[in-house]
Amino acid sequence: MLLETYQTELIITGFVLLTLLIIRFITNFTISKVARKNGINEARIRLIRRYVTVTLFIIALVIESFVFGANFKDLAVLFSSVFAIIGIAMFAIWSILSNVTSGIIMFFSFPYKVGDKICIHDKDFPLEAIIEDIRAFQLHLRLENGDLVTYPNNLILQKAVTLVEKDAIEEFIEDDGEAV
């Protein structure tokens, strides 16, 4: 009885899910191909894939709500309420969102990779270090004395950065005799 009542909706749901899964597969394949071509860390690839999956899931929920009969007016009230709450939350945590957005931008256009030695030209705190890891919120930079510095992603995009040495992490490991 339930299948007969919602037969059309279930067929459309299957088509929508299949389409979004194909889009997800193609997008993840493209992200992996671009990332490996540019020598990007596997952890960063997984992070961007997760962002794509969440975005496609939200799109699927919106499409399915229309398929099962939700009115645009009802969804507009729901989304305006949700976006008002999210807007207030985003204003409160703009720094975190700025770092995540910068992390996504850095995934596609950051000219340096893990293992490169860079110099950050900051008037107050100049820094020369090796990029140890690039995460969603910050870079992990290893100084020559062995100290670990976490540097926010949004600041690295705002400062002038110079590449001192490509693939310097290998020399750093050899000099200290221990893994970084």
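Residues numbered from 1 in each chain as written. Predicted model: local features only at pLDDT ≥ 70, side-chain atom pairs only at ≥ 80, totals over all residues. Heavy atoms only, no water.

A.B. asks: Before we go on, may I ask you to explain the sheet that holds strand E4 (residues 148–152) in this structure?
C.D. replies: What the five strands build is an open sheet, ordered E4-E3-E2-E1-E5; its pairing is antiparallel. Two strands bound the open sheet, and with one partner strand each, they are E4 and strand E5 (160–165). On average, each strand axis in the sheet is inclined to that of its neighbour by 45°, with strand direction left out of account. Where strand E3 (residues 138–142) lies against E4, five bridges are found, and the strand directions are antiparallel. (Pairing = 2+ DSSP bridges. Helix = DSSP H or I, 4+ residues; strand = E, 2+ residues; numbered from the N terminus. Axes fitted to C-alpha atoms, helices over the stretch in contact; angles between N-to-C directions.)

A.B. asks: Help me understand the pattern of salt bridges, please; the structure alone is not making it clear to me.
C.D. replies: Side-chain pairs of opposite charge can arise where the charged atoms are in close proximity. Summed over all chains, the structure comprises seven salt bridges. Of the charged contacts, one joins Glu144 and Lys117 as a salt bridge, the two residues approaching to 2.7 Å between their closest N and O atoms. Here Glu144, found in the loop between E3 and E4, pairs with Lys117, found in strand E1 (residues 117–121); they are 27 residues apart in sequence, far enough to count as distant. Residue Glu144 is classed as exposed on the basis of its relative accessible area, which comes to 55%. Its salt-bridge partner being Lys159, residue Asp122 comes within 3.5 Å of it at the nearest N-O pair. One end of the pair, Asp122, is in the loop between E1 and strand E2 (127–134); the other, Lys159, is in the loop between helix H6 (153–158) and E5, with 37 residues separating them in the sequence. Of the residues examined, Lys159 reaches a relative accessible area of 28% and is grouped as partly exposed. Via salt bridges that share partners, Lys117, Glu128 and Glu144 belong to a single interconnected network. (Salt bridge = Lys/Arg side-chain N within 4 Å of Asp/Glu carboxyl O. Buried < 20%, exposed > 50% of the residue type's maximum accessible area, 1.4 Å probe, protein only.)

A.B. asks: When you look at the packing of helix H2 (residues 7–37) against helix H3 (residues 42–67) in this model, what are you seeing that I'm missing?
C.D. replies: Orientation of H2 relative to H3, taken along the N-to-C sense of each, is 160°, at an axis distance of 10 Å. Here H2 lies roughly antiparallel to H3, going by the angle between them. The two elements H2 and H3 cross, and the hand of that crossing is right-handed. Taken together, the residues that form the contact of H2 with H3 break down as 14 nonpolar, five polar and six charged. (Parallel < 35°, antiparallel > 145°, perpendicular 65-115°, else oblique. Left-handed = near helix turned anticlockwise from the far one by under 90°. Nonpolar A, V, L, I, M, F, W, Y, C, P; charged D, E, K, R; others polar.)

A.B. asks: Is there a simple way to think about the nonpolar core in this case?
C.D. replies: One broad rule of soluble globular proteins: the nonpolar side chains tend to lie buried together. Counting 16 residues, the largest nonpolar core has Phe110, Ile118, Ile120, Ile131, Leu139, Leu141 and Ile156 as the members making the most contacts within it. Only E1, E2, E3 and E4 provide two or more residues apiece to this core. Sort the elements by how many residues they give to this core and E2 lands first, with four residues. The residues touching Ile156, leaving out its near neighbours within four places in the chain, are Met106, Phe110, Ile118, Ile120, Leu139, Tyr151 and Val161. Of all hydrophobic cores here, the second largest spans 11 residues; its members include Leu20, Ala35, Ile40 and Leu56. (Core = buried A, V, L, I, M, F, W, Y, C linked by side-chain atoms within 4.5 Å. Contact = heavy atoms within 4.5 Å.)

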